[in-house]
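Here is how the chains run, residue by residue.
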Amino acid sequence: MKNEEKGIYFAEGLAVPETPEPGKDPKPWKETNVVGKSRPRVDGYERVSGSAMYPSDYSLPHMLFGAVLRCPYPNAKIKRVDTRKAEQMPGVRAIISAATPEARVLWPYTPHMKVELFDSHCRFEGEAVAAVAAETPYQASDAVRAIDVTYEVLPFVTDERKAMLSDAPKVHPAGNRVGPTEHYSRGDVAKGFEEADVVLEESYRTECEIHTPMELHGCLAYWDGDLLNIHESTQGVYAVQSKVAEVLDLPLSKVRVMGRYMGGGFGSKLQPGKYTVIAAILAKITGCPVKLFLTREETYLCTGNRPASNMKLKAGVTKDGRLTALDFSVVGSGGAYPAGGTLLVDWLVKDLYLCPNVRTAATDVYTNAGPARPFRAPGHPQGAWALEQMMDALAKAIDMDPVALRLKNIPSYSQARKGNPPYTTTGLAACLKEGAKAFGWEKRRKEIAAEKPNGSLRRGVGMAACLWVAGGGRPPSTIILKLFSDGSVNLNMGASDIGTGTKTVMAMVVAEELNVHTDVIQIEHADTGTTQFATPSGGSKTVPTEAPAVRRAAIHVKQQLLEMAAEQLKADVSDLRFKGNAIVHGNDDAKKVTIKDLKGLKKRGVVVGVGYRGPNPEGKVVNPFGVQFCEVEMDIRTGEIRIVDFLGANESGRVMDRLTFDNQVFGGITMGIGLGMTEVRVLDEGGSGKMLNKNWHDYKLPTALDVSPRMTSFPIELPDPEANITGAKGLGEPVTIPTAAAIANAVYHACGVRMTETPINPTRLGVMLSDRPKEA
Amino acid sequence: MLSNFAYVQPQSLKAALKQLETPEARLHAGGTDLLGCLREGIFGAKKIVSISGLNAFKGVRETSNGGLRIGALTTITQVERHPAIRSRFRALSQGAGEVASPQLRNQGTIGGNICQKPRCWYYRGEFHCLRKGGERCYAVGGENQYHCIFGGENCFIVHPSDTAPPLVALEAVVRIVGPQGTRSVPVSRFHVPPSEDFRQETVLAPDEMVTEIILPPAPSGLRSSYRKVRARRAWDFSLAGMALAITFKDNTVQKARVVFSGVAPVPWRSKEVEVAITGRRLDKETVARAADAAVREAEPMEKNGYKISLLRGVVEEELLAAQSGESPG
Ligand SMILES: Cc1cc2nc3c(=O)[nH]c(=O)nc-3n(C[C@H](O)[C@H](O)[C@H](O)COP(=O)(O)OP(=O)(O)OC[C@H]3O[C@@H](n4cnc5c(N)ncnc54)[C@H](O)[C@@H]3O)c2cc1C
Ligand code: SF4
């Protein structure tokens, strides 16, 4: 780049957004030069070339490797741990277990349920029993295997449907209910069903999905005096800091967590794991850095999942398409500890469509299985699986187009929240209408209806809609932006870029405001030692949380530059404005100073801008909406399905970067295909209770061939000036909510079989097809 | 992680056979299955004998009578793409193309493919089951959704190979070399059903190896095909599949060999289907009768009943396609 030539600032004449007076909020951008365009990742080269250092890439002198011994039974008490043989093995430097004083710390599964780090009662397969630090990873894992443990193996229950039976083994002494069944109700459901012309009732189930991000879970921990340093693959360095500090009883300032790059988390890395604390303890005992990354098999057992959901839904609708009542219940399990086994599963039933009479009940139970962790849009895809298939069935029952039925029930306010607060914007109707048009919904339905069967192949189209309960972002966020005297910029932000392109979007915001090239913006982030407090990147809130603070920090820089220019030009700040690479006076373009010639900037060397995330609009709800459409082709003899194409219409406020936006849409659909068609955790329910498919082959993630190459991202960009000062809402989660249900609806359209249980593939569909009454 | 072992790479067949005499020597071709087995602790190894240096057993050659000799070290990709296999023995090319993933096809060999170990998740997991020398079969009363519906006795695996069923259908023969010399075994008798021995997958002795697979010349009028259904569209084993080798005369089935994959502990020849279609045109009626015949003897377990309708579907679809010449061989 030839900065000298073109200046670091953009060419003269480009409009620069207005600078509000100190203390005032800027208006939303009208036209943009950078934001909303397709900007490739600012760190794309590093990520693709392999030069980016992920936590699992780090290596330090004298580093040891940690490995964890895990309980092979779903329920067992530890009687004895004999480490004598393991201690004698080559390379072994430390072994810790419940008997180790340094390891006698409490692990908070929740704030109210703390257990010993190495608890003598292992309530799920994969619970930590002991750990080793050795000179090589192989020595560590060999030593782990040489530890001799005597277990008292106990009866177990791994199926949430059986956990509530009176004779089920108890996961915890008080029984298998996490709490009382949670009830919600509005209106009069019985009356609602009376008013309905059609009432349908159905049971649904989604299987448990396991977290399998590319980068394994783990960290590298080392002590520098009394400062604990951790490089962790995490979605939030500050979340790791606070939990580790709590467990090890350290001041926050003495735990430095770094996680600049990370290879995916999807909710499973919002928190540290026991592995983080174990690495820190091993590092303390050995006086060496300890790297502890789990094996893939371990991550299947103990780094979280999307729980299975067993749902019932009864729904009433009038002939003209008005929903009159919804009655929903769900049973789920977050595993052996409280982990939100039914969290938010009922949210869409309560809030997606206008319906005066709604009742839900959620029962969360314990099972002897790995604890759940938040999983991209917790609860929502499961709820959508039930609700959106039901909507499809209702539409059929009253002979109405499924899109039309939904359009008759669009809420402008949140019915499930107290006081029915309005949404700042609701793009649901626009997603439905414009998405349907872009997909060719009506045309395709007509074509398919007129089509003669082609051998055993049938085509079908399906759609499903969603909102996401969060996605508005919120305080706190603190951003520090430094403008150096040459016009280059340093952005300092605590948030992690979990692969979604956070850094790219933030650089674009800075570029937009300051009119600088993104190439001269250096980003420091995700380091509790050097960057500011941030909440973990999750909940589709990172852009709407951080981007407004970044914008404010940039404005703060501009305000200071204007003051410097006012002094230099002997003018009033209110008469000055930015134009291209300079600050000019009123309409008198001759009276100006380029940024680089500002004496104040030269003297100080840097201007520091600070931006905070302001509050959300009072009494309003900021939620993103989305609708997906798909076409499938299926073989009615075998139940094989090919996804022909997918379209995701998403209303998430302003599109910040079209490339990262589309990325989320495609990735979300891919993940939804996994839930709908391939992924199942298989536990040996009738036998050992162990997980049988804890590897990347038997646990079936969708492959390139399971995902259609024809995917369309169709943004519905509604201005949302109230949401925040960038107008952006979250996107990362709504993109995966409706996918599985849309596929199920397309399959129904193709062959008339209603797949109420995941996964839709030949192992289930074949039987349904052969049981189906023969077509005329 | 792995047990300690010696690694040798003999350069001649003789040297390789010598090395295989060591107790607990394991033959290593492409290693795609072997390394997984070692890592999962299914068996140990004192010595790994890599045969990747035996160039004589790489590649495909014509035989004097119009058949083919496929070296055991020929990669699965090479088998899939070989022009003579594609044109004359299409079932085998298709079967090879259905194996695993591109990476595994590039690395894995045809010899290794027919010798691979079962994929039963108890066997591959931490279960000391009957086949591994233990007391019981965990699939009985367990998670048997991927287990067999034919030929189960003691052990209920399905044979994982996608190349073996076409080879059986095409009447291929395995050349085996050992300390006692060379022997030839039809692929149809190469795999050992658990009713005979539930500890052994093939007739190979530990010091023997497969050197070649020989395809007899394709009779005129032969149409062969391989069809596989799996739970996802790639990188997945067969839930139910079928290799067909049918010789037609005037649109009538003169001779048929029908071999199923994914439903039995060995490539499963369906004499029932063969009888149902031989001497007939593959019209709707015959095909329906054949599909019924295909599953008549099936004995599903608790969780794999879906394989019955699936297999019916495969049989119907492929026989109709064979008649219409959509899958010519
Ligand atoms: C994830 C995964 C998915 C797969 N999916 C499929 C699938 O869908 N369909 C399918 O058919 N296969 C599948 N496979 C199996 C794969 O095709 C085999 O692993 C491969 O063909 C084996 O060839 P190899 O040369 O790598 O054998 P190796 O791993 O080297 O050997 C396999 C076994 O055969 C023995 N062996 C090898 N060559 C000889 C020989 N010449 N003589 C005697 N013994 C020999 C070895 O000692 C070893 O026990 C899959 C494998 C994996 C890992
Ligand atoms: S089916 Fe065979 S391999 Fe599987 S558990 Fe039973 S005996 Fe073992």
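Predicted, not measured: the structure shown is a model, and the values here were computed from it.

What counts, and at which threshold
- Sequence order sets the numbering: in each chain, residues are counted from 1 along the sequence as written.
- In the order they appear in the text, chains get letters beginning with A and ligands get numbers beginning with 1.
- Only residues with pLDDT of 70 or above have their local features reported here, since the model is predicted, and side-chain atom pairs are shown and tallied only from 80 upward, although totals for entire chains, interfaces and linings are computed over all residues.
- Runs of E in the DSSP output that reach at least two residues are strands. Runs of H or I that reach at least four are helices, and both are numbered from the N terminus.
- Computation of the radius of gyration draws on C-alpha atoms alone. For the globule rule, the value is 2.2 Å times the number of residues to the power 0.38.
- This entry defines residue contacts through backbone-placed C-beta atoms, with two residues in contact when those atoms are within 7 Å.
- Here the rule is simple: two strands pair whenever DSSP picks up at least two bridges between them.
- Note on definitions: angles span 0 to 180 degrees between N-to-C directions of axes, and those axes are lines fitted to C-alpha atoms, for helices only across the stretch in contact.
- To sort residues by exposure, count the other C-beta atoms lying within 10 Å of each residue's C-beta; 20 or more gives buried, 12 or fewer gives exposed, and values between give partly exposed, all with C-beta atoms placed from the backbone.
- Each domain's extent was defined by an automatic or database domain assignment.
- Using a C-beta atom placed from the backbone for every residue, we mark a residue as near a molecule or strand if that atom lies within 6 Å of it.
- In this classification, Asp, Glu, Lys and Arg are treated as charged, Ala, Val, Leu, Ile, Met, Phe, Trp, Tyr, Cys and Pro as nonpolar, and every other residue, Gly included, as polar.
- Given the number of residues in a helix, its expected span is that number minus one, multiplied by 1.5 Å.

With that settled, consider the overall build of chain A. When you go through chain A residue by residue, the secondary structure sums to 20 helices and 30 strands. Relative to the globule expectation of 28 Å for 776 residues, the C-alpha radius of gyration of chain A, 28 Å, shows essentially globular dimensions. If one aligns the C-alpha atoms of chain A with their principal axes, the spans along those axes are about 85 × 75 × 50 Å. Residue pairs in contact within chain A that sit at least 24 positions apart in sequence constitute 80% of those at least 6 positions apart.

In a beta sheet, neighbouring strands pair by backbone hydrogen bonds and run either parallel or antiparallel. All names here are of chain A. The strand order across the open sheet formed by four strands is E20-E28-E29-E30, and the pairing between neighbours is mixed. Only two strands of the sheet have a single neighbouring strand rather than two, namely strand E20 (457-467) and strand E30 (711-715). Neighbour-to-neighbour, the strand axes of this sheet turn through a mean angle of 15°, independent of strand direction. Judged from the eleven bridges that link them, E20 and strand E28 (residues 625-635) form a sheet pairing that is antiparallel.

The next point concerns the environment of Ala133(A). All names here are of chain A. Among the structural elements, Ala-133 can be located in strand E7 (residues 128-134). Looking at Ala-133, the number of C-beta atoms within 10 Å reads 30, which means it is buried. Through-space distance from the C-alpha of Ala-133 to that of Val-290 is 7.1 Å; in sequence the pair is 157 residues apart.

Take the domain arrangement of chain A next. Residue and element names in this part refer to chain A. As assigned here, chain A comprises domain 1 (3-31 + 473-612), domain 2 (59-154 + 216-302) and domain 3 (305-471 + 620-771). Computed over C-alpha atoms, the centres of domain 2 and domain 3 are 37 Å apart. On the domain 3 side, the residues contacting the 18 residues of domain 2 number 20 residues. Put simply, the parts of the chain that give the side of domain 2 that touches domain 3 at least two residues each are strand E4 (106-110) and helix H9 (296-302). The element contributing the most residues to the side of domain 2 that touches domain 3 is H9, with five residues.

As a further point, take the site of ligand 1. Lining the immediate environment of ligand 1, one finds 32 residues, of which Gly30(B), Gly108(B), Gly111(B), Gly112(B) and Cys115(B) sit closest. Nearby residues around ligand 1 are contributed by chains A and B. Counting residues per element, the ones that place at least two in the shell around ligand 1 are strand E2 (25-28), helix H2 (34-39), helix H6 (102-107), helix H7 (110-115) and strand E8 (209-215) of chain B. Tallied by class, the residues present in the shell around ligand 1 amount to 14 nonpolar, 15 polar and three charged.

Because each turn of an α-helix spans 3.6 residues, side chains separated by three or four positions in sequence point in the same direction. With 28 residues, helix H16 (residues 542-569) of chain A extends 40 Å from end C-alpha to end C-alpha; this agrees with the ideal 40 Å at 1.5 Å per step. Most of H16(A) sits out of view: 21 of its 28 residues are buried.

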